[in-house]
Amino acid sequence: MSIAENIVRLKDEIAVACRRAGRNENEVALMAVSKVHPAEAILEAYEAGQRLFGENRVQEYEQKSTVLAGLKDASFHLIGPLQSNKTNKAAELFDAIDAVDSLRIAQRLDAAAEARSKQLPILIEVKLSHEESKHGIAPEELPLLLDAARDLRSVEVVGLMTVPPWSEDAETARPYFRELRRLRDEAVKTHSKLTQLSMGMSNDFPVAIEEGSTCVRVGTAIFGKRVYPAVP
Ligand SMILES: *Cc1c(COP(=O)(O)O)cnc(C)c1O
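Quick summary incoming for the structure in this document. Note that this is a predicted model, so its numbers are computed, not measured. Along each chain, the written sequence defines residue order, and numbers are assigned to residues from 1. Predicted model: local features are reported for residues with pLDDT of at least 70 only, side-chain atom pairs are reported and counted for 80 or more only, and whole-chain, interface and lining totals are derived from all residues. The side-chain values count all of the structure's non-hydrogen atoms but skip hydrogen atoms and water molecules.

1. Quick notes on the side chain of Arg-217
Reasoning step 1: Secondary structure counts use DSSP, requiring at least four H or I residues in a row for a helix and at least two E residues in a row for a strand, with both numbered from the N terminus. Inspection of the secondary structure assignment puts Arg-217 in strand 8 (residues 215-218).
Reasoning step 2: Note on classification: 1.4 Å probe, protein chains only; a residue is buried when its accessible area is under 20% of the maximum for its type, exposed when over 50%, partly exposed between these limits. Just so you know, the count uses Lys and Arg for positive and Asp and Glu for negative, and it drops His and the chain ends. Salt bridge criterion: a side-chain nitrogen from Lys or Arg within 4 Å of a carboxyl oxygen from Asp or Glu. For the buried Arg-217, which has no salt bridge, the nearest side chain bearing the opposite charge is Glu-125, at an N-O separation of 6.8 Å.
Reasoning step 3: Think of a polar contact as two N or O atoms within 3.5 Å of one another; within protein, one of them needs to be a possible hydrogen donor and the other a possible acceptor, and neighboring residues in sequence only count if both atoms come from side chains. Among the polar contacts listed, one links the side chain of Arg-217 to the backbone oxygen of Thr-162, at a separation of 3.1 Å.
Reasoning step 4: At 2.9 Å, the side chain of Arg-217 forms a polar contact with the backbone oxygen of Ser-198.
Reasoning step 5: In what follows, a contact means two residues having at least one pair of non-hydrogen atoms within 4.5 Å. Apart from the residues within four sequence positions on either side, Arg-217 is in contact with Met-31, Val-33, Ile-79, Met-161, Thr-162, Val-163, Ser-198, Met-199, Gly-200, Met-201 and Ser-202.

2. What to know about the environment of Lys-11
Reasoning step 1: Mapped onto the elements of the fold, Lys-11 is located in helix 1 (residues 3-20).
Reasoning step 2: Among the residues examined, Lys-11 registers a relative accessible area of 42% and is labelled partly exposed.
Reasoning step 3: Note: C-alpha distance between Lys-11 and Glu-25 (14 residues apart in sequence) is 8.9 Å.

3. Concerning the packing of helix 2 (residues 39-47) against helix 3 (residues 58-68)
Reasoning step 1: Helix axes are fitted to C-alpha atoms over the stretch in contact, other axes to C-alpha atoms as well, and angles between N-to-C directions run from 0 to 180 degrees. Running from N to C, helix 2 and helix 3 cross one another at 50°; their axes reach a closest spacing of 9 Å. Considering their axes alone, helix 2 and helix 3 lie oblique with respect to each other. Crossing geometry of helix 2 relative to helix 3 is assigned as right-handed. Here Ala-39, Ile-42 and Leu-43 of helix 2 lie close against helix 3, whose contacting residues are Lys-64, Val-67 and Leu-68.
Reasoning step 2: Amino acids are sorted into nonpolar (Ala, Val, Leu, Ile, Met, Phe, Trp, Tyr, Cys and Pro), charged (Asp, Glu, Lys and Arg) and polar (every other residue, Gly among them). Of the residues contributing to the contact of helix 2 with helix 3, the split by class is five nonpolar, no polar and one charged. Should an angle fall under 35 degrees it is taken as roughly parallel, and over 145 as roughly antiparallel, whereas 65 to 115 is taken as roughly perpendicular and any remaining angle as oblique. Crossing handedness is read from the near helix: turned anticlockwise from the far helix by less than a right angle, it gives a left-handed crossing, and turned clockwise, a right-handed one.

In structure tokens, the structure reads:
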């Protein structure tokens, strides 16, 4: 199946999941996760009408972005972990940073965005699983971080994001999605802009939609399997 066909199919599947959950399909954005795939794949998705993209690494996207400069109405979000020495570049290149996991990174992004007179929406990544490999802040730290982030002027926290442990069975992810939603519902009482829930990937997005996702991040089901370059 082509990238264009995959996008059409996914939109259908998102609509079906929304109907099942009694939600309006306009409430759920489809983000095409293009990490590892070449800029040509992004262009192909763009031709098919896709406008929202997720990239994992600042450097990788910087290389691709030279080819993508013409896509004025597309938006690119950073969804991978961000090191503090890359915050300037990230604030320059991306339209939003969806995996902020410390106040320090949020502050650095704020300074970088302010220097560019840019408003930068961010999501806070919450670590709900106990896997070593996962990033994000502990849920207990969220209220303090959100209160401190109120002082930032060029960065605004607009939602939460999480990556549950990988599993063949999408149902395994449900409790993680439900917990992120609970945290969002709690936080939005005092932070009215904090409405977004970035959760759900190729294998579990229908479950994430049932649990309130507002953005599903889909890579494999659009672009095919990622073939990582062999490490020498
Ligand atoms: C790679 C990645 C995705 C997409 O995963 P697929 O299983 O290929 O859909 C989504 N979110 C994050 C944070 C990722 O790193």
